Amino acid sequence: MQFSPFSEENLNRRQWINAAAGGAAAGLIHQGRGFTFEQQPAAKQLLVHSHTPLNAEPELSHLVESWQTPVKHFYVRSHAPVPEVDRETFRLKVQGMVHQELSLSMDELDDRIPATEVTATLTCAGNRRREHSLVRQTGGLQWAAGPIGNARWGGVRLADVLRLAGLKSGAKHVWFESVDRIEKKGHTFPFGASIPMAKALEKTENGNSTLLATTMNGLPLPPDHGFPVRTVVPGYVGARSVKWLGRIVVSDRPSENHYVANAYKLVVNGDPGELSAAPPVYAFPINSAICLPGAHAKLVRGELTVRGYALPPGESGRTISRVEISTDGGHDWHRAALLSPAQEFCWRLWQATVPLNSMTKQLIVRAVDSNGIVQPETVDWNLKGYLYNAWYHLPVQIGT
Ligand SMILES: Nc1nc2c(c(=O)[nH]1)N[C@H]1C(S)=C(S)[C@@H](COP(=O)(O)O)O[C@H]1N2
Ligand SMILES: [Mo]
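Thresholds, definitions, all that
Positions within a chain are numbered from 1, following the residues in the order the chain's sequence is written. Chains and ligands are labelled by the order in which they are written, letters from A for the one and numbers from 1 for the other. Owing to the predicted nature of the model, reporting of local features is limited to residues with pLDDT of at least 70; listing and counting of side-chain atom pairs is limited to 80 or more, with chain, interface and lining totals taken over all residues. With hydrogens and water stripped out, all remaining heavy atoms of the structure feed into the side-chain values. Distances are taken per atom, and a residue is near a molecule or strand as soon as one of its heavy atoms is within 4 Å of it. In protein, a polar contact means a hydrogen-donor-capable atom and an acceptor-capable atom, both N or O and within 3.5 Å, with residues adjacent in sequence counting only if both atoms are side-chain atoms; elsewhere, any N or O pair within 3.5 Å suffices. Values of accessible area rely on a 1.4 Å probe in the Shrake-Rupley scheme; residue burial ignores everything except the protein chains shown. Here, any two strands with at least 2 DSSP bridges between them count as paired. Only DSSP runs of H or I with at least four residues qualify as helices, and only runs of E with at least two residues qualify as strands; both kinds are numbered from the N terminus onward. Put simply, a nonpolar core is a bunch of buried Ala, Val, Leu, Ile, Met, Phe, Trp, Tyr and Cys residues held in one set by side-chain atoms that sit within 4.5 Å of each other. Throughout, exposure labels follow a simple rule: accessible area from a 1.4 Å probe, protein chains only, divided by the maximum for the residue type, with under 20% read as buried, over 50% as exposed, and the rest as partly exposed. Domain segmentation is taken from an automatic or database assignment of domains. When checking whether two residues touch, look at their non-hydrogen atoms; a contact exists if any pair is within 4.5 Å. Only protein atoms enter the calculation, which uses a 1 Å grid: trapped sets of points that fit a 1.4 Å probe without letting it out are cavities, open sets showing protein on both sides within 12 Å along at least five of seven lines are pockets, and any residue with an atom within 4 Å of a point is a lining residue. Grid points are joined across faces, edges and corners, and a volume is the space filled by probe spheres set on the points. When residue character is reported, Ala, Val, Leu, Ile, Met, Phe, Trp, Tyr, Cys and Pro are called nonpolar, Asp, Glu, Lys and Arg charged, and the others, Gly included, polar.

### Quick notes on the site of ligand 1
Taken together, 20 residues sit near ligand 1, with Tyr75, His79, His225, Arg230 and Lys243 positioned nearest. Within the backbone of Arg77, one N or O atom sits 3.0 Å away from an oxygen atom of ligand 1. Side-chain polar atom of Ser178 to a nitrogen atom of ligand 1: 3.1 Å apart, as the coordinates give it. Relative to its free-state accessible area of 540 Å², ligand 1 is covered by the protein chains to the extent of 100%.

Put into structure tokens, the structure is as follows:
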């Protein structure tokens, strides 16, 4: 099937912004580990799906400029406007099945708990939804392949905070609740998520853990990305990495928040029975996309350099081991060079040089991981368009 997720119409309906978004913390002086400076909201360079709340993704060509995605090219996905948080009076609460409930200031978090860093790729469960909708229409923002980015997150291990509070026996899930306010069908409620206890306590062989992150690429979290503190759950869909975190609740069951109980589930009809039976989505699957050339590039016969990203499945120890490109509909495959390190929970950038002739109609990419798992050619359709990870097709036009 021939399809393009990048029609002119779609690109024109969106627009470029080059603006300070969500500047709640503009001008505040932040003093944290190793830095004291005036935080300026990053000028975003993104294609906008909606302004308030901001939902925006980078142009794909920007994604392959660096392994670590700069904030200006890091997508934003927010269900409600950025809440204003005063770092000085803010307290992070830890409650539920713990021996000692906690109410921590940001300075206490810094002082009482050892600092750590994790580099992890964050990707929206709705990444590539626009292609998913070409199979059959799906609900939600019609993201291209841009709601993904790889950042260095600094903060403390969630496990260390839980240890400080002391887990009661029977504790199985950790809930995250934001201080934001989502309005839906006459109700106002915070964004929330939860993760199983094993993920909350995970420390991989490489030292990676679920974080309460206060920095992104070495600077305080920008307002759009969750200032002053968010969770970062390496390997899990972005929706579990809760921004503007206000409360952690330890429980014997998954969160009852809308975004765990109803949304972020793979369903076909979406009726109440199907929804309640479906498990929440946690880890992301293997994926890849072509970022260069762009959809409207005018190509000529001969050799073409192609670049993109590939994401290993979100499980400890898994990395991308091979990326392949086809110019003849999946008959022959050319192996791409891998441009960045093989790191768990992180994407890998790649580049390939492939031959184009007048018969070339599309480029296809697929990735293979360190367990030999091959990205699937097609995937089952789901109502909300989550986790689309079929082979990526880029239609091309070859001039003379
Ligand atoms: N409080 C809060 N946290 C949130 C969200 C949100 O709307 N509110 N969106 C989630 C989703 S769906 C994604 S994909 C990521 C996006 O993170 P980013 O905006 O920093 O890229 O944040 C997650 N955390
Ligand atoms: Mo998301």
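Having seen it, we continue.
### A word on the sheet that holds strand β21 (residues 302-311)
Spatially, the 4 strands line up as an open sheet ordered β19-β21-β25-β24, and their pairing is antiparallel. Edge positions in the open sheet fall to β19 (287-292) and β24 (337-338), since each of these has one partner strand only. Note that β19 and β21 share 5 bridges and pair antiparallel. Bridging from a neighbouring strand, Ala289 pairs with Tyr309 of β21.

### What to know about the sheet that holds strand β23 (residues 334-335)
As summarised here, the arrangement of the 4 strands in space is β23-β22-β26-β27, forming an open sheet in which the pairing is antiparallel. Edge positions in the sheet fall to β23 and β27 (392-395), since each of these pairs with one other strand and no more. Sheet topology note: the strand β26 (residues 362-369)/β27 ladder contains 4 bridges and is antiparallel. In the strand pairing of β27, Val365 is matched with Tyr392.

### Description of unusual backbone geometry
A negative phi angle characterises most non-glycine residues, just as the trans form characterises most peptide bonds. With an omega of 10°, the peptide bond between Phe227 and Pro228 qualifies as cis. You can see Pro228 is positioned in the loop between β16 (219-220) and β17 (230-232). Look at the link from Leu292 to Pro293: it is a cis peptide, with omega at 5°. Residue position: Pro293 is located in the loop between β19 and β20 (299-300).

### Describing the nonpolar core
Residues Phe176 and Ile248 are the most contacted members of the largest nonpolar core, which totals 77 residues. Both of domain 1 (9-277) and domain 2 (287-399) provide at least three residues apiece to this core. Leaving out residues up to four positions away in the same chain, Phe176 has contacts with Leu158, Phe191, Gly192, Ala193, Ile195, Thr231, Val233, Arg240, Val242, Leu245, Arg247 and Ile248. Listed in part, the 17 residues of the second largest apolar core include Val118, Trp143, Trp153 and Phe227.

### Considerations on the layout of surface pockets
The calculated volume of the largest pocket comes to roughly 380 Å³. As for the largest pocket, its lining consists of 22 residues, and the residues nearest its centre are Lys184, Tyr259, Ala263, Lys384 and Tyr386. Elements supplying a minimum of two residues to the lining of the largest pocket: β12 (182-184) and α7 (258-261). The class makeup of the residues in the lining of the largest pocket is 11 nonpolar, 7 polar and 4 charged. Taken domain by domain, the makeup of the lining of the largest pocket includes at least three residues from each of domain 1 (9-277) and domain 2 (287-399).

### Regarding the environment of Met197
Structurally, Met197 can be placed in helix α6 (residues 197-201). Those residues in contact with Met197 that lie beyond four places of it in its chain are Leu162, Leu167, Ala171, Lys172, His173, Val174 and Val250.

### Let's talk about the pairing of strand β25 (residues 348-356)
With 9 bridges connecting them, β21 and β25 associate as antiparallel partners. Of the residues in β25, the one forming a bridge with Val306 is Ala352. Strand direction decides the pairing type here: β24 and β25, joined by 2 bridges, are antiparallel. Residue Ala337 lies in a different strand from β25, and its bridge partner there is Gln351.

### Things to note about empty space enclosed by the protein
With the rule as written, the count across this model stands at 4 cavities of 30 Å³ or more. Around the largest cavity, the lining is made up of 20 residues, and of these Arg77, Arg230, Gly238, Ser241 and Lys243 lie nearest the centre. Here the second largest cavity is characterised by a volume of approximately 90 Å³. Forming the boundary of the second largest cavity are Thr123, Cys124, Ala125, Asn127, Ile148, Phe284, Pro285, Asn287, Tyr309, Leu311, Leu387 and Tyr388. The class makeup of the residues in the lining of the second largest cavity is 9 nonpolar, 3 polar and no charged.

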